[in-house]
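# A closer look at the structure
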Amino acid sequence: MTQILDLHTHSKYSRACSKHLELPEIARTCETRGINIVSASDITHPRWFSHMKEWLIETKPGSGIYKIQETRYSHFNGHIPKTKFILGTEIACIKKHKDKTRRIHVLVFCPSLEVVEKLNTSLANDGFNLTADGRPILGMTVKTLLGYIKQIDERCHLIPAHAWTPWFGIFGSKGGYDSLEEAFDELAPEIFAIETGLSSDPLMNWHLSALDNITLISNSDAHSPAKLGREANIMQFASDDAITYDDIFDILKTQDKSRFLRTIEFYPEEGKYHMDGHRDCGISFHPDETSTHKGICPKCKKPLVIGVMNRVIELSDRTEEEAKEHGKLRIPYTSLVPLVEIIANTVQKGWATKTVQAIYNTMIAALGNEFHILMNVPLEDIEKVTTKHIATAIDRVRKGNIVIKPGYDGEFGVVKVFADDEDRGDVKQKALVGL
Ligand SMILES: [Zn+2]
Ligand SMILES: [Zn+2]
């Protein structure tokens, strides 16, 4: 059976995150989105940990995978979401290392609530503040953290998060390293995967032969329920019973293409650190332009924030053609645009507006979950419940036939499914009938 996994999300206890990020809401939203397994997130936060113990129960003893407890039946009006949870969190490691202050975000996973408790107790006893933020800031290097969690339990794992982003990526232009070996020294072989982040896709990562043995994963890093699953991983399991924590990590370690089917990606240009630039100065540069300007902003004369594309080029040792050729051996990927953005672009209203949400809800009710709609539902069926133009928009996203103004310095890229002067039909046609 196919399962879609989102292994990096947050709870309401992480800074700048929605208060709606509680387990019941996450479970419900994942069903709408088509996510089967989601990170329980922020597992080191004491209040969130209590919330987890209150709501979650292991799918079967020792599986390391959790679900909403049956006793919570009444909360859901009779339908408990089937969403499964894996225990993971993001941690910010800040520490001077090898002559530079390193600010690196990593994902840490634990095989059971008992191990989470052991980790949390140990960190608290060692004086780390776990209450200030769901994504705790620890004054240690990523290498020290890796050793630390392995001492807690050998089955704990660490995966660098959004590996290329300038401020907090393991390869980021600001506080990052040039290789996993530089970051982890003799512990580098323990790193089997990195998260590519919204601003890079597998093709960009295939430009580095240093990452040939590293599995590339993609997750949403959602700060609100609406963003869950904007990137994800599709895996194959023999049966529901066969889904265990150890199995998932075995798939991640082996890059077995028969079990890790593909990742679902943002178009990397849509990510907010794809290009170089200065947000406040309105300057967005391709790496070539940055080098023409010697890395200096022509407006404020300060150094530009070097984005993901630039760092990939800097560390790469393959041409585009070579990277594509190498990619044939790797886990494939599908680039998508979130459904609300496609609708918003078609009807020319904001994604959070009532119009867009109404069309979205109509589609989910009639056609199934979002990933199913984006990847599988025939265009005729989409047109029947919405409009010809929304079906056309989804067709264009599936074919990659879209235009994106790339993101830079914290500013998200802008997707255009239709040209500015193109006809998009009348929103009020069918989509809103009866709403
Ligand atoms: Zn992060
Ligand atoms: Zn500037």
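An unreviewed UniProt entry lists the protein under the name DNA helicase UvrD.

Glancing now at the environment of Thr83. With respect to the helices and strands, the residue Thr83 is situated in the loop between strand E4 (65–68) and strand E5 (84–97). Residues Thr83 and Tyr66 lie 17 residues apart in sequence; the distance between their C-alpha atoms is 8.7 Å. If sequence neighbours within four positions are ignored, Thr83 has contacts with Ala27, Cys30, Glu31, Ile35, Asn36, Val38, Tyr66 and Lys67. A distance of 2.7 Å separates a polar atom in the side chain of Thr83 from the backbone oxygen of Ala27.

Okay, the coordination of the zinc ion (ligand 2) next. At this site the zinc ion (ligand 2) is bound by His278 (ND1), Cys281 (SG), Cys297 (SG) and Cys300 (SG), with donor distances of 2.0 to 2.4 Å. Relative to the metal, the 4 donor atoms surrounding the zinc ion (ligand 2) lie at angles of 97 to 126°, and the coordination shape comes out tetrahedral. Read in sequence order, the donor residues coordinating the zinc ion (ligand 2) give the pattern H-x2-C-x15-C-x2-C. Classification of Cys297 by relative accessible area gives buried; the value is 0%.

Examined bridge by bridge, strand E11 (residues 232–236) and strand E12 (residues 260–265) share 4 bridges and lie antiparallel to one another. Residue pairing in the sheet places Met235 in a bridge with Phe260 of E12. Pairing geometry for E12 and strand E15 (residues 333–335), over 3 bridges, is parallel. When the sheet's bridge partners are listed, Thr263 is paired in E15 with Tyr333.

Taken as a whole, helix H2 (residues 46–55) has its buried residues at Trp48, Phe49, His51, Met52 and Trp55. Seen along its axis, H2 keeps its buried residues to an arc of 160°; they face one direction.

What follows covers the pattern of salt bridges. Scanning the model with the defined rule gives 25 salt bridges in all. Two residues, Lys143 and Glu186, come together in a salt bridge whose shortest N-O distance is 3.2 Å. With Lys143 in helix H4 (residues 142–152) and Glu186 in the loop between helix H5 (180–184) and strand E9 (193–195), the pair connects residues that are 43 residues apart, well separated along the chain. Measuring nitrogen to oxygen at the nearest pair gives 3.9 Å for the salt bridge that ties Asp212 to Arg330. Of this pair, Asp212 sits in the loop between helix H6 (202–205) and strand E10 (215–217) while Arg330 is found in the loop between helix H10 (320–327) and E15, placing the two residues 118 residues apart along the sequence.

Turning to the domain arrangement of the protein, a few remarks are in order. Along its sequence, the protein is carved into domain 1 (2–270) and domain 2 (338–416). Counting residues at the interface gives 18 residues for domain 1, matched by 19 residues for domain 2. Across the contact surface, domain 1 and domain 2 share 1 salt bridge. Put simply, Glu370 and Arg33 hold a salt bridge, and the shortest N to O gap is 3.6 Å. Applying the counting criterion to the domain 1 and domain 2 interface returns 6 residue pairs in polar contact (both at pLDDT 80 or more). For the side of domain 1 that touches domain 2, the elements supplying multiple residues, two or more each, are helix H1 (23–33) and E11. A total of 3 residues in the side of domain 1 that touches domain 2 trace back to one element, the largest contributor, which is H1. Of the residues contributing to the side of domain 1 that touches domain 2, the split by class is 9 nonpolar, 3 polar and 6 charged.

So, how was this worked out
Residues numbered from 1 in each chain as written. Chains lettered and ligands numbered in written order. Predicted model: local features only at pLDDT ≥ 70, side-chain atom pairs only at ≥ 80, totals over all residues. Heavy atoms only, no water. Helix = DSSP H or I, 4+ residues; strand = E, 2+ residues; numbered from the N terminus. Contact = heavy atoms within 4.5 Å. Polar contact = N/O pair within 3.5 Å; in protein donor to acceptor, adjacent residues only side chain to side chain. Donors = N, O, S within 2.8 Å, 3.2 Å for Na, K, Ca; no water. Tetrahedral: all angles 85-135°; square planar, octahedral: opposite > 155°, others 65-115°. Buried < 20%, exposed > 50% of the residue type's maximum accessible area, 1.4 Å probe, protein only. Pairing = 2+ DSSP bridges. Arc of directions from axis to C-beta. Salt bridge = Lys/Arg side-chain N within 4 Å of Asp/Glu carboxyl O. Domains from an automatic or database assignment. Nonpolar A, V, L, I, M, F, W, Y, C, P; charged D, E, K, R; others polar.

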